[in-house]
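Remarks on the overall topology
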Amino acid sequence: MSSQDPHTLTASTRSTALLVARIIFYMGLLIGIGFCAVAVGVLFFKGGNLTDPTERALVGAVLVGLGVMSFGFVAIARSRVAKLKASR
């Protein structure tokens, strides 16, 4: 779908693509916030069964990285929503 121009899509396909992009946008926000919240819990409040500070830092860094990736998908979905809205 990323290679197709939104102006060439039919109305029903465009509305379906807009719905899917909005779902990805909102789910990405929720997942990203969740990853970052768990990372804060692991890093600062010693969440989980991680006694070594190095383990906590590594797990926290992985969770922050997943959160950043999730927010990247949010940015891609947001740009797609804007393109599909503009093609109406």
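Up top you'll find the structure we're talking about.
Keep in mind the model is a prediction, meaning the values are calculated, not measured. (Residues numbered from 1 in each chain as written. Predicted model: local features only at pLDDT ≥ 70, side-chain atom pairs only at ≥ 80, totals over all residues. Heavy atoms only, no water.)

1. Looking at the nonpolar core
- Grouped together as the largest cluster of nonpolar side chains are 6 residues: L9, A17, L18, A21, V81 and L84.
- Only α1 (11-44) and α2 (53-86) provide two or more residues apiece to this core.
- For this core, the element with the highest residue contribution is α1, accounting for 3 residues. (Core = buried A, V, L, I, M, F, W, Y, C linked by side-chain atoms within 4.5 Å. Buried < 20%, exposed > 50% of the residue type's maximum accessible area, 1.4 Å probe, protein only. Helix = DSSP H or I, 4+ residues; strand = E, 2+ residues; numbered from the N terminus.)

2. Notes on the packing of α1 against α2
- It is the contact of α1 with α2, at a shortest axis distance of 8 Å, that shows an interaxial angle of 160°. With respect to each other, α1 and α2 are oriented roughly antiparallel. Considering how the two elements wind past one another, α1 and α2 form a crossing that is left-handed.
- In terms of residue class, the contact of α1 with α2 is built from 24 nonpolar, 5 polar and 6 charged. (Axes fitted to C-alpha atoms, helices over the stretch in contact; angles between N-to-C directions. Parallel < 35°, antiparallel > 145°, perpendicular 65-115°, else oblique. Left-handed = near helix turned anticlockwise from the far one by under 90°. Nonpolar A, V, L, I, M, F, W, Y, C, P; charged D, E, K, R; others polar.)

3. Let's talk about a nonpolar patch on the surface
- Together, V40, L43, F44, F45, V64 and V68 make up an exposed nonpolar region whose accessible area comes to about 580 Å².
- Of all the elements in the fold, those that place two or more residues in the nonpolar patch are α1 and α2.
- Of all the elements, α1 adds the most residues to the nonpolar patch, at 3 residues.
- With respect to the helices and strands, the residue V40 is situated in helix α1. (Patch = residues over 30% accessible without salt bridge, like charges linked within 9 Å, V, L, I, M, F, W, Y side chains within 5 Å. Areas by Shrake-Rupley, 256 points an atom, 1.4 Å probe, with all protein chains shown as cover. Salt bridge = Lys/Arg side-chain N within 4 Å of Asp/Glu carboxyl O.)

4. Remarks on the environment of F35
- Within the element layout of this structure, F35 appears in helix α1.
- Its relative accessible area of 26% is what places F35 among the partly exposed residues.
- The spacing of F35 and V59 is 24 residues in sequence and 11 Å in space, taken between C-alpha atoms.
- Setting aside chain neighbours within four positions, we find F35 in contact with L63, L66 and G67. (Contact = heavy atoms within 4.5 Å.)

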